[in-house]
Amino acid sequence: MINAIIVDDEPLAQDVLETYLEKISEIELVAKCDNAFEANEVLKKEDIDLMFLDINMPQLTGTDFLRGLSDPPVTIFTTAYPNYALDGFELNALDYLVKPISMDRFLQACNRAVEQAELKQKAKALPVQDGGPGYFFVKADKKLVRVNLDEIVYIEGLKDYVIIRLPDDRVITLQTMKSLEDKLPTTNFQRIHRSYIVNLERIEALQGNMVEVKEKGKITSLPVGKSYRDTLAERIEKLKL
């Protein structure tokens, strides 16, 4: 099941999309938001896979909102303004629907979202499981680069890219934090923030809401997000003497 939200300041537009979604069994509507700020709160609390996003909204436009998200869900723009299409695709939107949106065009976009979700599920079926190989390959610099799990210090999300931080190097690859998190073994790796995954064996210290790791011979402090704090604390508590 794909969890989706609608972000649009027009109630009628929300209702039309909701009616369409009721006919698509693979997608479940989690929330309808009147603006980007409401949507941001939902994204913090829920695991959202798909976002139907209007562009011309008060206070913060859909394109600016999407641009500011470090790990956005798959996004389909729904707007009355066709002249923003280039901006939409530069932001890696899955599709760009111009109002009034017909059911057949909407279904076409949703089928693409479902196909993409199925591909991700197949990728998850081949993760670097606990007890499996101690390495994986990612595409970087137009080649496949091997990354040894035990050498990873932490992973940082940067829009559509992730930066895999090694003791004396880094690897930048095009993918989301969530897709990489799903493939990492849970024994050693823990998500601590929307933008950070840490190798537990590389943690030097905990201080308040910060985790300290050693990178290039120096201590780097990483923030621990509120929603991840309890899980990290439980795992660390088991290792405390």
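As the structure is a prediction and not an experimental result, all values here were calculated from the model.

Novice: Teacher, can you tell me more about the packing of aromatic side chains here?
Specialist: Two descriptors summarise a pair of aromatic rings, namely the distance from one centre to the other and the angle between the planes of the rings. The tally for this structure, following the rule as stated, stands at five aromatic pairs. A cation over a ring is seen here: Arg-146 above Tyr-135, with NZ or CZ 3.8 Å from the ring centre.

Novice: Help me understand the UniProt feature "domain: Response regulatory" (unreviewed entry) in the protein, please; the structure alone is not making it clear to me.
Specialist: Mapped onto the present numbering, the UniProt feature "domain: Response regulatory" (unreviewed entry) falls at residues 3–114. Here residues 3–114 runs as 40% helix and 23% strand, with 11 Å between its end C-alpha atoms.

Novice: So what exactly am I meant to see when it comes to the pattern of salt bridges here?
Specialist: This structure, assessed with the given rule, holds 14 salt bridges. The closest approach of N and O atoms between Glu-10 and Lys-99, which form a salt bridge, is 4.0 Å. Note that Glu-10 is positioned in the loop between β1 (2–7) and α1 (11–21) and Lys-99 in the loop between β5 (95–98) and α5 (103–124), a separation of 89 residues in sequence. By sharing partners, the salt bridges in this structure join Asp-8, Glu-10, Asp-54 and Lys-99 into a single network.

Novice: Quick question: what am I supposed to make of the sheet that holds strand β12 (residues 196–199) here?
Specialist: Within a beta sheet, neighbouring strands are joined by backbone hydrogen bonds and run either parallel or antiparallel to one another. In spatial order, the strands read β10-β9-β8-β12-β11; together these five strands make up an open sheet with antiparallel pairing. Each having just a single partner strand, β10 (170–174) and β11 (189–193) make up the two edges of the open sheet. Between one strand and the next, the sheet's axes are offset by a mean angle of 20°, whatever the strand orientation. Pairing of strand β8 (residues 154–158) with β12, which is carried by three bridges, proceeds in the antiparallel orientation. Opposite Ile-155, over in β12, you have Ile-197 as the bridge partner.

The rules behind these values
- Residues numbered from 1 in each chain as written.
- Predicted model: local features only at pLDDT ≥ 70, side-chain atom pairs only at ≥ 80, totals over all residues.
- Heavy atoms only, no water.
- Phe/Tyr/Trp six-rings, centres within 6.5 Å; stacked < 30°, edge-to-face > 60°.
- Lys NZ or Arg CZ within 6 Å of the ring centre and 35° of its normal.
- UniProt positions renumbered as here; feature names shortened; annotations may be inferred.
- Helix = DSSP H or I, 4+ residues; strand = E, 2+ residues; numbered from the N terminus.
- Salt bridge = Lys/Arg side-chain N within 4 Å of Asp/Glu carboxyl O.
- Pairing = 2+ DSSP bridges.
- Axes fitted to C-alpha atoms, helices over the stretch in contact; angles between N-to-C directions.

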